[in-house]
Amino acid sequence: RPRVLSGIQPTSGSFHLGNYLGAVRQWVDLQKENDAFYMVVDLHAITVPQDPATLRQNTRISAAQLLGAGLDPEHCTLFVQSHVPEHAQLAWVMNCLTGFGEASRMTQFKDKSSRYGADSTTVGLFTYPILQIADILLYQADAVPVGEDQRQHVEITRDIAERFNSRYAPVFTIPKPYILKETAKIMDLQDPGIKMSKSASSPKGLVSLLDEAKVSAKKFKSAVTDTGTVVSYDEEQKPGVSNLLRIHSALSGQSVEQLVAHFEGKMYGALKTELAELFAEWVTPFQQRTGAFLDDPAELDRVLAIGAEKARAVASETLATVYDRIGFLPAA
Ligand code: TYM
């Protein structure tokens, strides 16, 4: 079975709608027919300052949301990155294969470091994509389900895997990004020119999955739309309405064309109201399932312990092969 791997940061506690539609939903769909590994990337989280108690709690909340969204530990391996020490170990090797210039071209680093300023930007933030390379290659992943903003990180992973394979020995599978066009980039509800994100969106532009449904309903209803009144799909002229149509389509399963026909003769308000209802119908049971996992931390920890053990079995084998091929003396 093809192998898939992906990760999500625990930094915000609540996931947002972009995380779900851009990535997590695909994780759920892919778990049945693939050998799937999914993780909460706490090592990546500390590239920016984190309060220890909050980080620990957010890691649990993240795992609970993944289960609440439909990951099934019977069908996938769900784990916490720091439980598998091979990630940090392989990352060092990958640091030594990646050019400084190559790493400097990563746009996510440029965005984030410009926000923090040189003195509070850590070296960890700079090498963030290189840890991600290790995450992916450790599991010999064939496909990496992510949103559009992670494409560049999967591309550099392919480059470095090819470099290792040609310099030493053909050890690594070359991974492909798995990005669904329709949901690859969910936009901010207040500023449809930027993607929905915890760090850049205003509270009104960001739909948090753990907010009360009526809070999110308000955000959908006050979403910025475009001039005109006709509900039609046009990313250039009507980015706001187009974003709402794509979200509706993802949640309802109806195509954008069907929706445009459905809203003919109606105003933007009808689209917003329907979307708010649709979202509430999905998010309410999601929150109930997530809450149930949070109410049983012993069960949650048990799931994560099993996941870590399964992940380590694969990761340690890859790391041992890598250490051998690069010429490290085996520990007697
Ligand atoms: P993170 O935690 O920022 O986001 C998790 C996933 O959500 C997607 N996403 C979006 N998709 C569509 N529209 C949006 N507005 C939106 N915002 C976020 C992201 O593309 C991502 O798929 N570096 C990664 C985590 C990571 C990882 C990995 C991913 C670490 N190691 C290995 C894949 C494989 C990140 O920060 O995702």
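Reading the values: the criteria
- Residues numbered from 1 in each chain as written.
- Predicted model: local features only at pLDDT ≥ 70, side-chain atom pairs only at ≥ 80, totals over all residues.
- Heavy atoms only, no water.
- Core = buried A, V, L, I, M, F, W, Y, C linked by side-chain atoms within 4.5 Å.
- Buried < 20%, exposed > 50% of the residue type's maximum accessible area, 1.4 Å probe, protein only.
- Helix = DSSP H or I, 4+ residues; strand = E, 2+ residues; numbered from the N terminus.
- Contact = heavy atoms within 4.5 Å.
- Phe/Tyr/Trp six-rings, centres within 6.5 Å; stacked < 30°, edge-to-face > 60°.
- 1 Å grid on protein atoms, 1.4 Å probe; cavity = no way out; pocket = protein on both sides within 12 Å on 5 of 7 lines; lining within 4 Å.
- Points joined across faces, edges and corners; volume = space filled by probe spheres on them.
- Nonpolar A, V, L, I, M, F, W, Y, C, P; charged D, E, K, R; others polar.
- Polar contact = N/O pair within 3.5 Å; in protein donor to acceptor, adjacent residues only side chain to side chain.
- UniProt positions renumbered as here; feature names shortened; annotations may be inferred.
- Near = heavy atom within 4 Å.
- Areas by Shrake-Rupley, 256 points an atom, 1.4 Å probe, with all protein chains shown as cover.
- Sits in = over half its atoms within 2 Å of the grid points.
- Salt bridge = Lys/Arg side-chain N within 4 Å of Asp/Glu carboxyl O.
- Axes fitted to C-alpha atoms, helices over the stretch in contact; angles between N-to-C directions.
- Parallel < 35°, antiparallel > 145°, perpendicular 65-115°, else oblique.
- Left-handed = near helix turned anticlockwise from the far one by under 90°.

### Some points on the nonpolar core
Argument step 1. In this structure, Leu17, Tyr38, Leu66 and Phe279 are the most contacted members of the largest nonpolar core, which totals 54 residues.
Argument step 2. Examining the composition of this core, we find that nine residues originate from one element, helix α13 (residues 268–294), more than from any other.
Argument step 3. If we skip the residues at most four places from it in the chain, Leu17 touches Gly22, Met196, Val207, Leu209, Phe220, Ile247 and Phe279.

### Some points on the packing of aromatic side chains
Argument step 1. Summed over all chains, the structure comprises 12 aromatic pairs.
Argument step 2. Between Phe109 and Phe126, the aromatic rings sit 5.0 Å apart at their centres with planes inclined by 80°, giving edge-to-face as the arrangement. With Phe109 in helix α6 (residues 107–116) and Phe126 in helix α7 (residues 123–126), this residue pair connects regions lying 17 residues apart in the sequence.
Argument step 3. Classification of Phe109 as buried rests on a relative accessible area of 16%.
Argument step 4. Taken together through their ring pairs, the aromatic side chains of Tyr20, Phe220, Phe279, Trp282 and Phe286 make up a single cluster.

### Overview of the layout of surface pockets
Argument step 1. Estimates place the volume of the largest pocket at around 1,300 Å³.
Argument step 2. Taken together, 49 residues line the largest pocket, and the ones lying closest to its centre are Gln9, Gln108, Asp149, Gln150 and Lys195.
Argument step 3. Elements represented by at least two residues in the lining of the largest pocket include exactly β1 (3–8), α1 (17–30), α6, α8 (128–138) and α9 (151–167).
Argument step 4. Broken down by class, the residue content of the lining of the largest pocket amounts to 18 nonpolar, 22 polar and nine charged.
Argument step 5. Of the volumes computed, that of the second largest pocket is approximately 270 Å³.

### Brief notes about α8
Argument step 1. Among the 11 residues of α8, 11 are classified as buried, and the element is accordingly described as predominantly covered.
Argument step 2. Tyr128, Pro129, Ile130, Leu131, Gln132, Ile133, Ala134, Asp135, Ile136, Leu137 and Leu138 are the residues of α8 that are buried.
Argument step 3. Gln140 lies just past α8 and shows a positive phi near 55°.

### Section: the side chain of Asn58
Argument step 1. One can find Asn58 in helix α3 (residues 52–69).
Argument step 2. Among the polar contacts listed, one links the side chain of Asn58 to the backbone oxygen of Thr11, at a separation of 3.5 Å.
Argument step 3. Beyond its immediate chain neighbours, meaning those up to four positions away, Asn58 contacts Pro10, Thr11, Ser12 and Gly13.

### Section: the UniProt feature "binding site: L-tryptophan" (unreviewed entry) in the chain
Argument step 1. Within this numbering scheme, the UniProt entry marks Asp135 as carrying the feature "binding site: L-tryptophan" (unreviewed entry).
Argument step 2. Assessed through its relative accessible area of 2%, Asp135 is described here as buried.
Argument step 3. There is a polar contact of 2.9 Å between the side chain of Asp135 and the side chain of Gln81.

### With respect to the site of the ligand
Argument step 1. Around the ligand lies a shell of 28 residues, among which Gln9, Tyr128, Asp135, Asp149 and Ile186 are the nearest.
Argument step 2. Within the side chain of Tyr128, a nitrogen or oxygen atom sits 2.6 Å from an oxygen atom of the ligand.
Argument step 3. Contacts to the ligand include Gln132, whose side-chain N or O atom sits 2.9 Å from a nitrogen atom.
Argument step 4. Here the ligand loses 95% of its free accessible area of 710 Å² to cover by the protein chains.
Argument step 5. In this structure the site holding the ligand corresponds to the largest pocket.

### Concerning the pattern of salt bridges
Argument step 1. Evaluated as defined, the whole model comprises 10 salt bridges.
Argument step 2. For Lys214, the salt bridge goes to Glu212, with nearest N and O atoms at 3.4 Å.
Argument step 3. Its relative accessible area of 49% is what places Glu212 among the partly exposed residues.
Argument step 4. Here Arg325 makes a salt bridge to Asp324, at a shortest N to O gap of 2.6 Å.

### What to know about the packing of helix α10 (residues 213–221) against α13
Argument step 1. Where α10 contacts α13, the two axes come as close as 9 Å, and the packing angle between them is 155°. Considering the angle they form, α10 stands roughly antiparallel to α13. Crossing hand, α10 versus α13: right-handed. Listed contacts from α13 to Ala213, Ser216, Ala217, Phe220 and Lys221 of α10 are Lys272, Thr273, Leu275, Ala276, Phe279, Ala280, Val283 and Thr284.
Argument step 2. Counted by class, the contact of α10 with α13 contains eight nonpolar, three polar and two charged residues.

### Overview of unusual backbone geometry
Argument step 1. Despite not being glycine, Gln140 shows a phi value in the positive range, around 55°.
Argument step 2. Summarising the element assignment, Gln140 is placed in the loop between α8 and β4 (143–145).

### Notes on the environment of Pro10
Argument step 1. Tracing the backbone shows Pro10 in the loop between β1 and α1.
Argument step 2. On the basis of relative accessibility, which here comes to 0%, the residue Pro10 falls in the buried class.
Argument step 3. For the pair formed by Pro10 and Ala45, sequence separation is 35 residues and the distance between their alpha carbons is 6.7 Å.
Argument step 4. Other than its neighbours up to four places away in sequence, Pro10 contacts Val40, Val41, Asp42, Ala45, Leu55, Asn58, Thr59 and Ser62.

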